[in-house]
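Read off the chains here:
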Amino acid sequence: MKSIVSFAAAILLSLPAWAETSGIKVDQVWARATPGAAKTAVIYFTITNTGTTPDTLEGEASTPAAEHAELHEDKVTNGVMQMRPMKSLTIDPGKSVALEPSSGYHLMLIGLKRPLKEGQTVPLTLTFDHAGKQEVTASITKVGAMHSGETSSAGAAPATSHDMSAMPGMAH
């Protein structure tokens, strides 16, 4: 009996380390705020595989914020930008994949249940072939943001008065 308890304890103590060996890290999870009538939104994030084997993000995710969440890729074909759903995205060991405005990859939320408002968060469940389900939270940034953490007040220049009367055609 003592050996069974010791064995069970060893298994339980190894579970956190086992879960961490998936090697998948998801961070910089964010989305832009949406106008009131929008029915779609996009979530961006970075996936890093610190493991020793490739892992694959499945093409569908879940969130209470929308009816569907799909992995999409933007591609230019014959001079025309096309957005298409992807079945999956493989992350090789030791590599990162950024789903960001300039990468062509994003997670599309379809059938928004309510507008995404700056300062709020959205829970999201991603599924990987090996790492399993990963729960993450997207921070909502300002409309038109190009990176995580960008808010309406971020980077705003202080209001100043400029005298342009010395410039030709600028006198008032």
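Remember, it's a predicted structure, so these values are computed and weren't measured experimentally.

So, how was this worked out
- The numbering scheme is per chain: residues are counted from 1 as the chain's sequence reads.
- Predicted model: local features are reported for residues with pLDDT of at least 70 only, side-chain atom pairs are reported and counted for 80 or more only, and whole-chain, interface and lining totals are derived from all residues.
- Based on all heavy atoms of the structure, the side-chain values leave hydrogens and waters out of the count.
- Residue exposure (1.4 Å probe, protein chains only): buried if accessible area is under 20% of the type maximum, exposed if over 50%, otherwise partly exposed.
- Helix numbering and strand numbering both begin at the N terminus, where a helix is a DSSP run of H or I of at least 4 residues and a strand a DSSP run of E of at least 2.
- The pairing criterion for strands is at least two bridges between them, as found by DSSP.
- Per-residue confidence from the predictor is reported as pLDDT, which spans 0 to 100.
- Throughout, a contact is declared for two residues whenever any of their heavy atoms are within 4.5 Å.

For strand β2 (residues 40-49), the tally of buried residues reaches nine of 10 residues, placing the bulk of the element in the interior. Both strand β1 (residues 24-32) and β2 contribute to a ladder of six bridges, which runs antiparallel. Residue Trp30 lies in a different strand from β2, and its bridge partner there is Tyr44. Where β2 meets strand β9 (residues 105-112), four bridges bridge the pair, whose relative direction is antiparallel. Of the residues in β9, the one forming a bridge with Ala41 is Leu109.

Another point: the confidence of the model for the chain. For the chain, mean pLDDT is 79; residues scoring 70 or higher make up 72% of the total. Scored below 50 in pLDDT, residues 3-20 makes zero contacts in the model with residues more than four places away or belonging to other chains. Every residue in residues 154-172 scores below 50 in pLDDT, and together they form three contacts with partners more than four places removed in sequence or on other chains.

Here the focus is the side chain of His106. As for its placement among the helices and strands, His106 is situated in strand β9. Here His106 falls in the buried class, since its relative accessible area comes to 4%. For His106, the residues in contact, after removing those within four places along its chain, are Val42, Ile43, Tyr44, Glu70, Leu71, His72, Asp74, Met83 and Leu99.

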